[in-house]
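Tertiary structure, described
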Amino acid sequence: MPRLEFNSINNFVSSLSNRRFQRVNRFAVSFSRLSRGFNTSLQFNGFTRRNFADVMSTRVQSIKVPDQTVFTTDVKGPGGFDYQAPYQYSLSNDINMNLLNDQFDRIRNVFVDWMRVSTGIGSDGAIPYRSQTSCDLSIITLNDNGKPLAGYTAFDCIIKSVQGSAFDMASEDLVRFDVGLSCRRMKKLSGVEAAVAFSTF
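My aim in this report is to walk through the structure given alongside it, one point at a time. The structure displayed is predicted, hence computed values, not measured ones.

Taken as a whole and judged by the stated rule, the model has 11 aromatic pairs. Note on Phe-38 and Phe-52: the rings are 5.7 Å apart at their centroids and 65° apart in plane angle, and the pair reads as edge-to-face. One end of the pair, Phe-38, is in helix 2 (residues 36-44); the other, Phe-52, is in helix 3 (residues 49-59), and 14 residues separate them in sequence. Taking the relative accessible area as the measure of exposure, Phe-38 reaches 0% and is therefore buried. When the centroid spacing of 6.4 Å and the interplanar angle of 45° are considered together, the rings of Phe-111 and Trp-114 count as tilted. In this pair, Phe-111 and Trp-114 are both assigned in helix 4 (residues 106-118), 3 residues apart and thus about one turn of the helix distant. In this structure Phe-111 comes out as buried when scored by relative accessible area, which is 0%. Using a relative accessible area of 0% as the deciding quantity, one classes Trp-114 as buried. Put simply, the rings of Phe-31, Phe-38, Phe-47, Phe-52, Phe-111, Trp-114 and Phe-177 pair up and form one aromatic cluster. One cation-aromatic arrangement involves Arg-185 over Phe-155; the distance from NZ or CZ to the ring centre is 4.0 Å.

Rules behind the numbers
- Residues numbered from 1 in each chain as written.
- Predicted model: local features only at pLDDT ≥ 70, side-chain atom pairs only at ≥ 80, totals over all residues.
- Heavy atoms only, no water.
- Phe/Tyr/Trp six-rings, centres within 6.5 Å; stacked < 30°, edge-to-face > 60°.
- Helix = DSSP H or I, 4+ residues; strand = E, 2+ residues; numbered from the N terminus.
- Buried < 20%, exposed > 50% of the residue type's maximum accessible area, 1.4 Å probe, protein only.
- Lys NZ or Arg CZ within 6 Å of the ring centre and 35° of its normal.

In short, the description is geometric, and any link to function would need to be established separately.
Structure representation (structure tokens):
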């Protein structure tokens with residue numbers, strides 16, 4: 001038994017050495033394509049593309065890659081043993097991220113204004129085309145030295161929600177807010193593709 005336990009530890013260490021691992025706090029997020037509507041929102045709040053990219057790299061506290069699932073159907077098996085068979089692959093199109101706000105509420109206002117522009121508020125109710133307001137978002141995983149390893153790019157993202165700011169006299173926490181996006185499609189990035197995407201951040 002001790003020998004089996006020793007071998008299990010060795011196998012675990014060997015697996016970590018060969019395939020390494022991902023840390024949940026080693027990632028970078030940036031909009032890899034900005035729409036005219038989003039650029040307008042940046043300008044409203046005094047940001048340029050460059051300094052908002054810096055904001056994204058430091059202020060995004062968490063982000064979740066969409067879930068992937070398979071729909072299944074029940075199949076009657078022999079001997080009364082029923083089982084399930086897959087019939088459709090599904091990728092959730094929702095992306096949620098949490099950001100630290102700034103003292104003037106300008107970061108949150110960028111997303112609020114993006115939502116307003118996207119729904120035609122302030123433009124006589126004329127709703128713009130999706131291509132005028134959607135953006136591409138890249139999520140890159142990094143190693144301990146900050147080198148890109150892999151990642152995802154979510155294409156044609158529209159904004160769905162911006163969480164209100166919560167204040168609490170009994171708390172010393174920094175103000176955060178959630179942003180909900182919806183993408184049209186997503187691509188898994190190889191190491192080379194992640195490096196290329198990361199170079200544009």
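There is more to say after this.
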